[in-house]
Amino acid sequence: MLLAVVRLLPLWILLTLGQACAGDRQAPACPFEGDGDSAPSAGCLVVVHGRMLVVESIYGGVTPPGGKAAMGESAQCAAHRETWEETGLDLHPGELLAVFDTGFHLYHCEIHAGSGMVELGPLKEVKDWYWLPVEDFDKVQWRFEGQGQKLQRILMAQE
């Protein structure tokens, strides 16, 4: 029910809810429960109103938020933490959508009323974030070759 209500909220409301502090940021506890997956890196796929959350890397190109797992950290918790570090959103990782050639695990992550607001903190690898309209996937430079096409296939399979 809550998810249905959140899907109806305008993006600007979703972006202004919750966490407003950027100084000494500490990642919230990982909401994932159960036996986690093992992966070298993981991230979140989040789509709201036909737009996917992406981060622009300082290395060039856009990609879903995500990054390296810490020693002993589950892939789901790595996706949660990395997404929070890169965007400020406290999302809930769910279904595994894909495993890329690099071992990167991509999870469907839920945005909810308590997710917080998107804000860049003191980051080293991300220079910006934005909501990319799904129909504009072919208009951006993706960080990794073939990434845009694979993400389109994943989204089409979810419809």
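None of the values given here were measured: they were computed from a predicted structure.

A.B. asks: Sorry, what's going on with the overall build of the chain here?
C.D. replies: A tally of helices and strands in the chain yields four helices and eight strands. Counting from the amino terminus, the chain carries its helices and strands in the arrangement α-α-β-β-β-β-β-α-β-β-β-α. Expressed as a percentage of its 159 residues, the buried residues of the chain come to 45%. For the chain, restricting intrachain contacts to residue pairs at least 6 apart in sequence, the fraction spanning at least 24 positions comes to 72%. Approximately 8700 Å² of the chain is accessible, and the part contributed by carbon and sulfur atoms is 54%.

A.B. asks: Help me understand the pattern of salt bridges, please; the structure alone is not making it clear to me.
C.D. replies: A side chain with one charge may pair with a side chain of the opposite charge, provided their charged atoms come close. Across all of its chains, the model carries five salt bridges by this definition. With a closest N to O distance of 3.5 Å, glutamate 56 and lysine 127 form a salt bridge. In this pair, glutamate 56 sits in strand E3 (residues 51-57) while lysine 127 sits in strand E8 (residues 126-133), placing the two residues 71 residues apart along the sequence. The residue aspartate 136 makes a salt bridge to lysine 139 at a minimum N-O spacing of 3.3 Å. Take lysine 139: its relative accessible area is 64%, and that puts it in the exposed class. Each member of the salt-bridge network shares a partner with another, and the members are Glu73, Arg81, Glu82 and Glu85.

A.B. asks: Help me out: how do you make sense of the side chain of glutamine 76 in this one?
C.D. replies: Topologically, glutamine 76 is positioned in helix H3 (residues 75-87). Owing to a relative accessible area of 4%, glutamine 76 belongs among the buried residues under this scheme. Only 2.8 Å separates the side chain of glutamine 76 from the backbone nitrogen of aspartate 37, close enough to count as a polar contact.

A.B. asks: Mind showing me how you'd approach the state of the cysteines here?
C.D. replies: Disulfides are covalent bonds that link the sulfur atoms of two cysteine residues. Tallying each qualifying case throughout the model produces two disulfides. The disulfide partner of cysteine 30 is cysteine 77, and the gap between their sulfur atoms is 2.2 Å. One quick way to see it: the torsion about the S-S bond of cysteine 30 and cysteine 77 is about -90 degrees, and its sign makes the bridge left-handed. Note that cysteine 30 is positioned in the loop between helix H2 (11-16) and strand E1 (41-45) and cysteine 77 in helix H3, a separation of 47 residues in sequence. By sequence-ordered numbering of the bonded cysteines, the chain has its disulfides arranged as 1-3, 2-4.

A.B. asks: For this particular structure, what's the right way to read the environment of tryptophan 84?
C.D. replies: Within the secondary structure, tryptophan 84 sits in helix H3. Along the sequence, tryptophan 84 and glycine 66 sit 18 residues apart, while their C-alpha atoms lie 8.9 Å from each other.

A.B. asks: Whenever I open this one, the environment of leucine 45 confuses me. Can you help?
C.D. replies: In this structure, leucine 45 sits in strand E1. C-alpha separation for the pair leucine 45 and threonine 83, spaced 38 residues apart in sequence, amounts to 9.6 Å. In this view, leucine 45 contacts Met52, Leu97, Leu106, Tyr107, His108, Cys109, Leu151, Ile154 and Leu155; residues no more than four positions away in its chain are not counted.

A.B. asks: What is the right way to read the sheet that holds strand E7 (residues 105-110) from this model?
C.D. replies: Paired through their backbone hydrogen bonds, the strands of a sheet run either parallel or antiparallel. The four strands are arranged E5-E1-E7-E6 in an open sheet whose pairing can be described as mixed. Each of the sheet's edge strands pairs with one partner strand only, and the pair in question is strand E5 (66-68) and strand E6 (92-99). Going across the sheet, the axis of each strand differs from the next one's by a mean of 25 degrees, ignoring polarity. Across three bridges, the pairing between E1 and E5 is antiparallel. Paired with alanine 42 across the bridge in E5 is glycine 67. Contacts from H3 reach E1, E5, E6 and E7 within the one sheet, and its direction differs from that of E1 by about 65 degrees.

The rules behind each value
Residues numbered from 1 in each chain as written. Predicted model: local features only at pLDDT ≥ 70, side-chain atom pairs only at ≥ 80, totals over all residues. Heavy atoms only, no water. Helix = DSSP H or I, 4+ residues; strand = E, 2+ residues; numbered from the N terminus. Buried < 20%, exposed > 50% of the residue type's maximum accessible area, 1.4 Å probe, protein only. Contact = heavy atoms within 4.5 Å. Areas by Shrake-Rupley, 256 points an atom, 1.4 Å probe, with all protein chains shown as cover. Salt bridge = Lys/Arg side-chain N within 4 Å of Asp/Glu carboxyl O. Polar contact = N/O pair within 3.5 Å; in protein donor to acceptor, adjacent residues only side chain to side chain. Disulfide = S-S within 2.5 Å. Pairing = 2+ DSSP bridges. Axes fitted to C-alpha atoms, helices over the stretch in contact; angles between N-to-C directions.

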